[in-house]
Amino acid sequence: MGMRNSTTFLLSTLAIAALSSNAVAQSDEKPGLFATADASIVHDDNIYRVIDDLAQSDTYLRLRPELAAVGGLGKHRFQLSYNGDYAKFSDQSDADYTDHDLRGRIDFDHTLRFSSRFEAGYQKEHEDPGSINRLQLDMTEYNKYDQNFVLAGLAYGSEEAIGRIAVNFRRTDKDYTNNDLDFFDYVSDQFTGRFTYRIAPNTRVYAEAIISELDYTPGINFELDNTYKRYRAGVTWDFTGKLTGDINIGYQDRDYDLDTIRDIDGLAYDGEITWAVNTYTKIIAAAKRESIDSSLDEAGGFLRTTYGLSINHELTERLKLKADAGYANDELVFSSNREDKRYAYQLGLEYELLRNVALAADYTYEERDSTVAIADYKANIFGLSVIVSLED
């Protein structure tokens, strides 16, 4: 049972959200039924992530259930998962949200070398205003969207083979449902090819190409359609469980259809290293450099570079400490007058009251320091939680 972060931006800044929120999506998850419910009381002194003069504070009740079923039939495996996130605010009722994330996956082992994979998912979620660069100073309701995706993949070579080739196709359809953000709706077709080669029992190198075609809904005088290509080489390793990692570096190119939008290309990297110092202390370091389409009207993309550090330490058999720190730098390539620096810190304690029941408390600080003054914000978030987990 792990401590769960309170804010979306902190997770994305640290670039390790997938470790906790998508745990059931891993093909090596043991079969069974799993359920977790996290009920929290949270106080946030800047719920819309705006400048201090416009900041609104509120206290809200938050419930986050997670359900997962993992099973198999012969050599084939299936996984189903549901993650919910519901919030009811005390004063600002327009800020209430009910998020849903439903996913399914099937892995087929056709022969010793040939396998296939199929996934589908539906998300109805809200957008953390601190994670985007759009300024919505008069916001009363979080940006909300519906999203669905399908994925099909083929692989030649098992996970344990010396060499392995895998190809995937994923289609994503995202539609915003409020706040006049129709111009940011899109359909994305993404193709991924990856070759992996084992150079030691627990060390592999790989080469990967990812090409995404993004088709946005046209605005009045603007269209954000683009092709995003990434080519990278990397290495993964696991040294007796003490030091594990996945690091890659390469080249990225985001090419916009409109000549008036500045393209983005250059260095890209993504990496994460986990060090199990001992049986009760773990340190995770992460870094990422990527280009992202801007959520501003009639603007192209921006470069985001993130660095994160997370420390998990068991003070006793029942009491756990977690400390996170994240930094992100957003370079808005369409404007030399704006650059955003983001900071996020979190400190939390979790006490295992019973085998399946834990109590948690955490404090989070977020800040955006921009060269454009009205884009600055600071936020302090305090949370108290009860976490119940069941496992079959």
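Since this is a predicted model, take the numbers as computed values, not measurements.

(A) Up close: the overall build of the chain. The secondary structure content of the chain amounts to 2 helices and 18 strands. Per-residue burial for the chain yields a buried fraction of 44% across its 392 residues. Taking the intrachain contacts of the chain between residues at least 6 apart in sequence as the baseline, contacts between residues at least 24 apart amount to 56%. Put simply, the chain has 41 plus and 67 minus side-chain charges, and the middle of one group is 7 Å from the middle of the other.

(B) Seen up close, unusual backbone geometry. Of note, Asn 179 is a non-glycine position whose phi angle comes to about 60°, a positive value. For Asn 179, the location among the structural elements is in the loop between β7 (163–176) and β8 (186–200). You can call Asn 179 partly exposed: its relative accessible area is 28%. Notably, Asp 180 is not glycine yet its phi reads approximately 55°, a positive angle. If you trace the backbone, Asp 180 turns up in the loop between β7 and β8. For Asp 180, a relative accessible area of 71% gives the class exposed.

(C) How the structure looks around a negative patch on the surface. On the surface, Glu 213, Asp 215, Asp 255, Asp 257, Asp 259, Asp 263 and Asp 265 cluster together into a negatively charged patch. Of note, Asp 215 is situated in strand β9 (residues 203–216).

(D) Looking closely at a nonpolar patch on the surface. Taken together, the side chains of Phe 114, Leu 154, Tyr 156, Ile 162, Ile 165, Val 167, Phe 195, Tyr 197, Ile 199 and Val 205 define a hydrophobic patch exposed on the protein surface, amounting to about 900 Å² of accessible area. Secondary structure elements with two or more residues in the nonpolar patch: β6 (144–156), β7 and β8. The biggest single contributor to the nonpolar patch is β8, with 3 residues. When you line up the elements, Val 167 lands in strand β7.

(E) Spotlight on the pattern of salt bridges. Per the stated rule, a full pass over the model turns up 21 salt bridges. One network of salt bridges, with partners in common, ties together Arg 105, Asp 107, Arg 117 and Glu 119.

(F) Seen up close, the environment of Arg 232. Relative to the elements of secondary structure, Arg 232 occurs in strand β10 (residues 226–239). Engagement of the side chain of Arg 232 in a polar contact is seen with the side chain of Glu 208, the distance being 2.8 Å.

(G) The pairing of strand β2 (residues 58–73), seen in detail. Bridge count for strand β1 (residues 32–44) against β2 is 13 bridges, and the pairing is antiparallel. Counterpart to Ser 40 in the pairing with β2 is Arg 62. Where β2 folds back on strand β3 (residues 76–89), the antiparallel hairpin that results is connected by 2 residues, among which Gly 74 adopts a positive phi of roughly 65°.

(H) Representation of the side chain of Arg 62 in the model. Following the sequence through the fold, Arg 62 ends up in strand β2. What makes Arg 62 buried here is its relative accessible area of 6%. At 2.7 Å, the side chain of Arg 62 forms a polar contact with the side chain of Asp 85.

(I) Spatial organisation of the packing of aromatic side chains. Under the criterion given, the structure shown has 15 aromatic pairs. An angle of 55° between the planes, with centres 6.3 Å apart, marks the rings of Phe 89 and Tyr 142 as tilted. Here Tyr 142 lies in the loop between β5 (114–126) and β6 and Phe 89 lies in strand β3, a separation of 53 residues in the sequence. By the burial criterion, Phe 89 is buried, and Tyr 142 matches it.

The rules behind each value
- Residues numbered from 1 in each chain as written.
- Predicted model: local features only at pLDDT ≥ 70, side-chain atom pairs only at ≥ 80, totals over all residues.
- Heavy atoms only, no water.
- Helix = DSSP H or I, 4+ residues; strand = E, 2+ residues; numbered from the N terminus.
- Buried < 20%, exposed > 50% of the residue type's maximum accessible area, 1.4 Å probe, protein only.
- Contact = heavy atoms within 4.5 Å.
- Lys, Arg positive; Asp, Glu negative; His and termini not counted.
- Charge placed at Lys NZ, Arg CZ, Asp CG, Glu CD.
- Patch = residues over 30% accessible without salt bridge, like charges linked within 9 Å, V, L, I, M, F, W, Y side chains within 5 Å.
- Areas by Shrake-Rupley, 256 points an atom, 1.4 Å probe, with all protein chains shown as cover.
- Salt bridge = Lys/Arg side-chain N within 4 Å of Asp/Glu carboxyl O.
- Polar contact = N/O pair within 3.5 Å; in protein donor to acceptor, adjacent residues only side chain to side chain.
- Pairing = 2+ DSSP bridges.
- Phe/Tyr/Trp six-rings, centres within 6.5 Å; stacked < 30°, edge-to-face > 60°.

Nothing here speaks to function; it is geometry throughout.
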